Amino acid sequence: MRLTRLWLEWGRPSAARVLEKKLGVRKVASGVSSPGSLSPRALNVFDRDLKRKQKNWAAQQPDPMKFDYVREEVGSRIADRVYDIARDFPLALDVGCGRGYIAQYLNKETVGKFFQADIAENTLKNTLETEIPTVTVLADEEFLPFRENTFDLVVSSLSLHWVNDLPGALEQIHYVLKPDGVFIGAMFGGDTLYELRCSLQLAETEREGGFSPHVSPFTAVNDLGHLLGKAGFNTLTVDTDEIQVNYPGMFELMEDLQEKCRFYTSCISAMNARKVLEAFTVVLSVFLGMGESNCAWNRKALLHRDTMLAAAAVYREMYRNEDGSVPATYQIYYMIGWKYHDSQARPAERGSATVSFGELGKINSLISQGKKSQ
């Protein structure tokens, strides 16, 4: 496999000329967002620079594959949806590709060439192997540096929930698709990590008299269809799925938390506190390893140790499994949308029907009469 790595260095005229001539790239100021570079209509909810740093940090860990199982699973399910479409795609784009969780499940008979775009350079340096010729592009999901009508297929897996301007990102995806091209995406849904969210809210309310958002806000499923339609997509499909992962207490405790186990000896044994904290710490460490830490501007900078211990106890008491492990639920929204083309099937004009729905109940008698006449 020949892997070509292409970095978008927009400050260099030579790089811009190569991109314009060879890749069909639009002339934009930068492939990665700069501070304050937001659409006037966008809500500034997430710190995009912090998210880039979080993803870069996660990609530099000794064994990043340890935390990739959710992304791997969702990537395989998106690939299944690609295979369900009976056609091949000469040129495809993965928006927010990470380490290439979708491309590894596709073959060169289905996709001719794959562009993989992500905001974090370290993830692009450690992409997974695939038999498809690939080009890696350092670019922000909110500022896609490609020309109109470039790609036959655009995919995105667990990335769009971090963008500030989701309607604008969907419009850009629609812009770079060719007519009759298809977008297949997945993003975390509103019930993701509800166990963790509830545990933190209850514990923080009890310990501190109120709670702050420790889990980022997610898009509601009933909004996705509207956003896709507004972006110009048609023949829409939106469905939901859940992935539940059980986390055993296998990691060592953080030293400062371990010392606080004495605080709860009156209500739970020291050994039980250790198990509670181990399981809870595993859940938190997995989110760090995935690069999915909260990057909302209104996030709370510090989670007090007393609150964390209380949240761990609440988590275990409310949600623990029989074997002592604790579950974490990931709700996934899958979406499919097509760019309009004259060859696509369209609904008939209103009033053009020749049979009333009220007559459908008589269909059996009509069929039997037809058989008799033969």
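Residues numbered from 1 in each chain as written. Predicted model: local features only at pLDDT ≥ 70, side-chain atom pairs only at ≥ 80, totals over all residues. Heavy atoms only, no water.

Engineer: Which residues make up the overall build of the protein, and what values go with them?
Structural biologist: Along the protein, the regular secondary structure elements total 11 helices and 8 strands. In the protein, buried positions account for 49% of the 374 residues. A separation threshold of at least 6 residues defines the contact pool for the protein, and within that pool the share at least 24 residues apart is 78%. Put simply, the protein shows about 18800 Å² of open surface, and 52% of that area lies on carbon and sulfur atoms. (Helix = DSSP H or I, 4+ residues; strand = E, 2+ residues; numbered from the N terminus. Buried < 20%, exposed > 50% of the residue type's maximum accessible area, 1.4 Å probe, protein only. Contact = heavy atoms within 4.5 Å. Areas by Shrake-Rupley, 256 points an atom, 1.4 Å probe, with all protein chains shown as cover.)

Engineer: Which residues make up the packing of aromatic side chains, and what values do they have?
Structural biologist: For the coordinates displayed, the defined rule picks out 7 aromatic pairs. Between Phe 115 and Phe 151, the ring centres sit 5.6 Å apart and the planes meet at 70°, which makes this aromatic pair edge-to-face. Note that Phe 115 is positioned in strand 3 (residues 111-118) and Phe 151 in strand 5 (residues 151-157), a separation of 36 residues in sequence. Here Phe 115 and Phe 151 have matching classes, each one buried. Taking 5.8 Å as the distance between ring centres and 35° as the angle between the ring planes, the aromatic pair formed by Phe 183 and Phe 233 counts as tilted. With Phe 183 in strand 6 (residues 177-188) and Phe 233 in the loop between helix 7 (221-231) and strand 7 (234-247), this residue pair connects regions lying 50 residues apart in the sequence. Under the relative-accessibility criterion, Phe 183 is labelled buried at 0%. The buried category is assigned to Phe 233, whose relative accessible area is 5%. Each member of the aromatic cluster is reached from another via a ring pair, and the members are Phe 115, Phe 146 and Phe 151. In this structure, Arg 81 packs its charged tip against the face of Tyr 334, placed 3.9 Å from the ring centre. (Phe/Tyr/Trp six-rings, centres within 6.5 Å; stacked < 30°, edge-to-face > 60°. Lys NZ or Arg CZ within 6 Å of the ring centre and 35° of its normal.)

Engineer: Tell me about the nonpolar core, residues and numbers included.
Structural biologist: If you look at the biggest cluster of nonpolar residues, it comprises 39 residues, and the most contacted ones within it are Val 74, Leu 153, Ile 184, Tyr 330 and Ile 332. The element best represented in this core is strand 8 (residues 326-338), accounting for 7 residues. Among the nonpolar cores identified, the runner-up in size contains 29 residues, and Leu 93, Phe 146, Leu 160 and Leu 224 belong to it. (Core = buried A, V, L, I, M, F, W, Y, C linked by side-chain atoms within 4.5 Å.)

Engineer: If you had to explain the pairing of strand 8 to someone new, which residues and values would you point to?
Structural biologist: Looking along a regular strand, one sees side chains alternate from face to face of the sheet. With 13 of 13 residues buried, strand 8 is to be regarded as a mostly interior element. Alternating positions in strand 8 separate into two faces, Val 326, Ala 328, Tyr 330, Ile 332, Tyr 334, Ile 336 and Trp 338 on one and Pro 327, Thr 329, Gln 331, Tyr 333, Met 335 and Gly 337 on the other, with burial throughout. Sheet topology note: the strand 7/strand 8 ladder contains 12 bridges and is antiparallel. Looking at strand 8, one finds that Asp 241 is bridged to Ile 332. (Pairing = 2+ DSSP bridges.)

Engineer: How would you sum up the packing of helix 6 (residues 194-208) against helix 10 (residues 305-319)? Please name residues and give values.
Structural biologist: A pair of packed helices is characterised by two quantities: the angle between their axes and the separation of those axes. One way to put it is that helix 6 packs onto helix 10 with a least axis distance of 8 Å and a crossing angle of 130°. In terms of their interaxial angle, helix 6 and helix 10 are classed as oblique. Relative to helix 10, the crossing made by helix 6 is right-handed. Mapping the contact onto sequence places Tyr 194, Glu 195, Leu 196, Cys 198, Ser 199, Leu 200, Leu 202, Ala 203, Glu 204, Arg 207 and Glu 208 in helix 6 and Asp 306, Thr 307, Ala 310, Ala 311, Val 314, Tyr 315, Met 318 and Tyr 319 in helix 10. For the contact of helix 6 with helix 10, the class distribution of residues is 12 nonpolar, 2 polar and 5 charged. (Axes fitted to C-alpha atoms, helices over the stretch in contact; angles between N-to-C directions. Parallel < 35°, antiparallel > 145°, perpendicular 65-115°, else oblique. Left-handed = near helix turned anticlockwise from the far one by under 90°. Nonpolar A, V, L, I, M, F, W, Y, C, P; charged D, E, K, R; others polar.)

Engineer: Go over unusual backbone geometry, please, and point to the residues and values.
Structural biologist: Its identity is not glycine, yet Asn 149 carries a phi of approximately 60°, on the positive side. With respect to the helices, strands and loops of the structure, Asn 149 is situated in the loop between strand 4 (134-138) and strand 5. By relative accessible area, which is 35% here, Asn 149 ends up partly exposed. One non-glycine residue, Leu 193, lies in positive phi territory at about 60°. Following the sequence through the fold, Leu 193 ends up in the loop between strand 6 and helix 6.

Engineer: Tell me about the packing of helix 5 (residues 166-176) against helix 7, and name the residues and values.
Structural biologist: The N-to-C vectors of helix 5 and helix 7 enclose an angle of 50°; their axes lie 8 Å apart at closest approach. On the basis of the axis angle, helix 5 is oblique to helix 7. As for the relative orientation of helix 5 and helix 7, their crossing is right-handed in sense. Residues Leu 166, Pro 167, Leu 170, Glu 171 and His 174 of helix 5 form the contact with helix 7, whose participating residues are Leu 227, Leu 228 and Ala 231.

Engineer: Explain the environment of His 226 residue by residue, including any values.
Structural biologist: As for its placement among the helices and strands, His 226 is situated in helix 7. Residues His 226 and Pro 167, spaced 59 residues apart in sequence, show a C-alpha to C-alpha distance of 9.7 Å.

Engineer: Please set out the pattern of salt bridges residue by residue, giving values where relevant.
Structural biologist: By the definition in use, this model includes 10 salt bridges. Ionic pairing is found between Asp 180 and Arg 87, a salt bridge with its closest N-O pair at 2.8 Å. Remark: Arg 87 occurs in the loop between helix 3 (69-83) and strand 2 (89-95) and Asp 180 occurs in strand 6; sequence separation between them is 93 residues. With its nearest N and O atoms 4.0 Å apart, the salt bridge here joins Glu 317 to Arg 320. (Salt bridge = Lys/Arg side-chain N within 4 Å of Asp/Glu carboxyl O.)

Engineer: Requested: an account of helix 2 (residues 48-59), with residues and values cited.
Structural biologist: Compared with the 16 Å implied by 1.5 Å per residue over 12 residues, the 17 Å span of helix 2 between its first and last C-alpha is a close match. Within the sequence span of helix 2, burial applies to Arg 48, Leu 50, Lys 51, Gln 54, Lys 55, Asn 56, Ala 58 and Ala 59. (Expected span 1.5 Å × (residues − 1).)

Engineer: How would you sum up a nonpolar patch on the surface? Please name residues and give values.
Structural biologist: Taken together, the side chains of Val 355, Phe 357 and Leu 360 present a nonpolar region at the surface, about 360 Å² in accessible area. Checked against the element boundaries, Val 355 lands in the loop between strand 8 and helix 11 (363-373). (Patch = residues over 30% accessible without salt bridge, like charges linked within 9 Å, V, L, I, M, F, W, Y side chains within 5 Å.)

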